[in-house]
Amino acid sequence: MPAQPLKFAYWVPNVSGGLVTSRIEQRTDWGYDYNRKLAVLAENNGFEYALTQVRYMASYGAEFQHESTGFSLALLLATERLKVIAAVHPGLWHPGVLAKFGATADHLSDGRFAVNVVSGWFKDEFTALGEPWLEHDERYRRAEEFIRALRAIWTEDHAELAGDFYRVRDFTLKPKPLRSPARPHPEIFQGGNSTAARRMAGRVSDWYFSNGKDFDGVVEQLQDVRKSAAEAGRGAPRFGLNGFLIARDTEAEARQTLRDIVARADTEAVEGFGAAVRQAGQSTADGKGMWQDSAFEDLVQYNDGFRTGLIGTPEQIAERIVAYKRLGVDLFLLGFLHYHEEVEYFGRRVLPLVRELEAQLPDAGAEAGSVPVSA
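Participant: What's the story with the sheet that holds strand E12 (residues 331–335) in this structure? I'm lost.
Facilitator: Adjacent strands of a sheet form backbone hydrogen bonds with each other and so pair up, either parallel or antiparallel. Within the closed barrel, the eight strands sit side by side as E1-E2-E3-E4-E7-E8-E9-E12. Their pairing is parallel. Along the sheet, successive strands turn relative to each other by an average axial angle of 25 degrees, direction set aside. Here five bridges tie strand E3 (residues 83–88) to strand E4 (residues 113–117), and the two strands are oriented parallel to one another. If you follow Ile85 over to E4, its bridge partner there is Ala114. Packed onto the sheet, helix H3 (residues 95–108) meets E3 and E4 and runs at close to 150 degrees relative to E4.

Here it is as structure tokens:
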């Protein structure tokens, strides 16, 4: 069976501050007009997905924020092919209410709505709204129940769930989202690096998002998630990898851009973010979790995007992207410094090289861990 082409998504800049916590110039904007143009540009330059961020209050350089689900729907209505993934917090949404919104958005967009279930890392967002801040693994138990409820409501009549966090009693949603044999309901994405996140992904999610990782890190995560899925008796979720892409005509220029980003980092905001996310995951028993081993430089791009190493010439980046594909990566979630210009540059200079290299891969693909490269 021929391997599927790599898919590409981009982080929607629907919060202020750009994708790096740095005082360097970022030609980007969190407003709708900028993002509407960006969405059209992205779908015409090889991007299949866009992911809206979810923040509810000012934090770590993100002073202003547009709500993710409403913004996602606006982008869906402004585009023709782009699938938009709305990030949502269990604990701040009820799955039945989100299911209703998602079904409507799916019909309005001809089946292009998706959701990213975020277990939560920012304690103040919950406590400021009077909601409890659960211990780390409990947040993932709640997120798993949320996904089970969401999927049941989207696919079943008389849905039932008697959980510890959500209870659904004889609930029937009409209309349900659009469906096909390949897509029985809107795609459900999930992130997280912890053991709890990996196990949850194997049991219930369609897609697993990883923070930025080198080759060894991707192999380790893939093995864990596939093991969890096998234990649950289901196919493994597809794997998405975060990466901050700096493509320039020369490697020296790309490397200098990275140095400039880090040199002009907002130190107070980066250190504050690091403290917040580390306390969010510090209760994990095995020390695995988002950002637990992230250095200051990693945290300047708040999803460890520099770690993926997509920095250099178009040729270097294309080769690295396809090496990740050989390990089992199905999708890249990309961030940029200057979105409009760099999304167009990616589509014109990088993506054609990726497709050429993909065409040279054997149909069956390689087993995870088989690429003899180092990060």
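Participant: Is there a simple way to think about the pairing of E4 in this case?
Facilitator: Side-chain direction in a regular strand flips from residue to residue, so the side chains alternate between the two faces of the sheet. Along E4, five of the five residues are buried, which leaves the element largely enclosed by surrounding structure. In this fold, E3 hands off to H3, which returns the chain to E4; that crossover is right-handed. Pairing between E4 and strand E7 (residues 188–190): three bridges, direction parallel. By the bridge assignment for E7, Val115 is matched with Ile188.

Participant: Help me understand the nonpolar core in this model?
Facilitator: One broad trend across soluble globular proteins is that nonpolar side chains are buried collectively. Ranked by internal contacts, the top residues of the largest apolar core, which has 109 residues, are Phe8, Tyr10, Phe47 and Phe332. Among the elements that take part in this core, helix H5 (residues 136–155) stands out by supplying nine residues, more than any other. Setting aside chain neighbours within four positions, we find Tyr10 in contact with Leu38, Ala39, Ala42, Phe47, Tyr49, Ala50, Leu51, Leu82, Leu333, Leu334 and Tyr339.

Participant: I'm lost on helix H7 (residues 215–231) in this one. Help?
Facilitator: Given 3.6 residues per helical turn, the α-helix brings residues three or four places apart onto the same face. Taking 1.5 Å per residue as the helical rise, H7 with its 17 residues ought to reach 24 Å, and the 25 Å between its terminal C-alpha atoms agrees with that figure. Phe215, Gly217, Val218, Val219, Gln221, Leu222, Val225, Ser228 and Ala229 are the residues of H7 that are buried. Lining the buried residues of H7 we find helix H6 (195–204), strand E8 (207–210), strand E9 (238–244) and helix H11 (314–327). Where H7 begins, the capping side chain belongs to Asp214, and its oxygen is found 3.3 Å from the backbone nitrogen of Asp216.

Participant: I keep staring at unusual backbone geometry and nothing clicks. Help me out?
Facilitator: Generally, phi is negative for residues other than glycine and the peptide bonds are trans, each holding for most cases. Geometrically, the link from Lys174 to Pro175 is a cis peptide bond, its omega value of -5 degrees lying close to zero. Tracing the backbone through its elements, the reader meets Pro175 in the loop between strand E6 (167–171) and E7. One non-glycine residue, His158, lies in positive phi territory at about 55 degrees. If you trace the backbone, His158 turns up in the loop between H5 and strand E5 (159–162). Taking the relative accessible area as the measure of exposure, His158 reaches 52% and is therefore exposed.

Rules behind the numbers
- Residues numbered from 1 in each chain as written.
- Predicted model: local features only at pLDDT ≥ 70, side-chain atom pairs only at ≥ 80, totals over all residues.
- Heavy atoms only, no water.
- Pairing = 2+ DSSP bridges.
- Helix = DSSP H or I, 4+ residues; strand = E, 2+ residues; numbered from the N terminus.
- Axes fitted to C-alpha atoms, helices over the stretch in contact; angles between N-to-C directions.
- Contact = heavy atoms within 4.5 Å.
- Buried < 20%, exposed > 50% of the residue type's maximum accessible area, 1.4 Å probe, protein only.
- Right-handed = clockwise from strand over helix to strand, strands pointing away.
- Core = buried A, V, L, I, M, F, W, Y, C linked by side-chain atoms within 4.5 Å.
- Expected span 1.5 Å × (residues − 1).
- Polar contact = N/O pair within 3.5 Å; in protein donor to acceptor, adjacent residues only side chain to side chain.

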